[in-house]
Amino acid sequence: MKAIVVTDEAAGTAGMTLAERPEPEATGNDVLVEVHASGFTPGELTWPGTWTDRLGRDRTPSIPGHEVAGVVSALGYGTRGLSVGQRVFGLADWARDGTLAEYVAIEARNVAPLPGDVDFTVAASLPISGLTAWQGLFVHGRFQVGQSVLVHGAAGGVGSMVTQLACEAGAYVIGTGRATDRQAALDFGAQEFVDLDNDALKDVGGVDLVFDVIGGAIGKSSAGLVRAGGMLVTIAGPPEAQPTDGLAVDFVVEADRAQLGEIVQRVRDGRVRTNIGNVATLDDAVAAFNPTERIKGKTVIRVRP
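What you see is a predicted model; the values in this text were computed from it and never measured.

Draft legend 1. Here's a closer look at the overall build of the protein. For the protein, the count of helices and strands is 7 helices and 15 strands. A globule of 305 residues ought to have a C-alpha radius of gyration of about 19 Å, and the protein, at 19 Å, matches this closely. Considered along the principal axes of its C-alpha atoms, the protein spans approximately 55 × 40 × 35 Å. Relative to its full complement of 305 residues, the protein shows a buried share of 50%. For the protein, the share of sequence-separated contacts (at least 6 apart) that also reach a separation of at least 24 residues comes to 64%.

As structure tokens, this is what we get:
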């Protein structure tokens, strides 16, 4: 099968190549998915699981990409709850070959049924951003209706999903980003916008929940904005500062079938929209992930027409 592979961690996305790889097999509790569309997050090329297996052994050349939408083509031994020919989408394991390929073997529990009226391209853009937003807000952030939420990178892949889910759940949302991101953040539902290059973050005042995707100095400054009893939730690594009278937590997104179902239902009925900036074929994936100019929104690879 055709697949995108990486062999050199230092090369980043420039080290991606299109190659022929053996078609994977569905082992126990797996499904083999015929990939129709795949999502990719450049940061995964810095994750240990891209380069080594769970025992620390080198597994290059490895196939990146962990978001998938496609059709089940085979069931592994003991797999239940899914059937051959069923449309699915989900999040592949970090330490196994991923979804930038014509086929991927994935644990059945990591995928959810995909309704027939949701396009594969749309579905492939949802797992990481959707599950990260859902888990950060409702699992780790313990969001409650009526709270105020500061969302960093509100026009980005994760931030736009956080903004929409928070607004839909009854939050007052303040988005941040570059000046050029202002209108997009407001369009996704933010009631206010802070230009991090020109506005003073401290002028926001107190908020109940900060969702940080940036870290560094921005993350440290954000800790001081958390009200008593509030939360700082980050995906940018261990927080460098703690709220005075609140909590801080960092987390890594996990696959969850029920949460995927909640997210895709919101896409179906128009409460949430995706943030796709570019769609390319598998043959053009390397170029798509090494653009000559900034692409706003997620790049999705359409593996099959």
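Draft legend 2. Layout of the sheet that holds strand β12 (residues 226–234). Judged by pairing direction, the sheet is parallel, and its 6 strands sit side by side in the order β10-β9-β8-β11-β12-β13 without closing on themselves. Of all strands in the sheet, those bounded by a partner on one side alone are β10 (192–195) and β13 (247–250). Pairwise comparison of adjacent strand axes, ignoring direction, gives a mean angle of 15 degrees for this sheet. Pairing between strand β8 (residues 148–151) and strand β11 (residues 207–212): 3 bridges, direction parallel. From the neighbouring strand, leucine 150 faces β11, where its bridge partner is valine 210. The strands touched by helix α5 (residues 216–223) are β8, β11 and β12; relative to β12, the strand with the most contacts, the crossing angle is about 160 degrees.

Reading guide: rules and limits
- Residues numbered from 1 in each chain as written.
- Predicted model: local features only at pLDDT ≥ 70, side-chain atom pairs only at ≥ 80, totals over all residues.
- Heavy atoms only, no water.
- Helix = DSSP H or I, 4+ residues; strand = E, 2+ residues; numbered from the N terminus.
- Rg over C-alpha atoms; globule rule 2.2 N^0.38 Å.
- Buried < 20%, exposed > 50% of the residue type's maximum accessible area, 1.4 Å probe, protein only.
- Contact = heavy atoms within 4.5 Å.
- Pairing = 2+ DSSP bridges.
- Axes fitted to C-alpha atoms, helices over the stretch in contact; angles between N-to-C directions.

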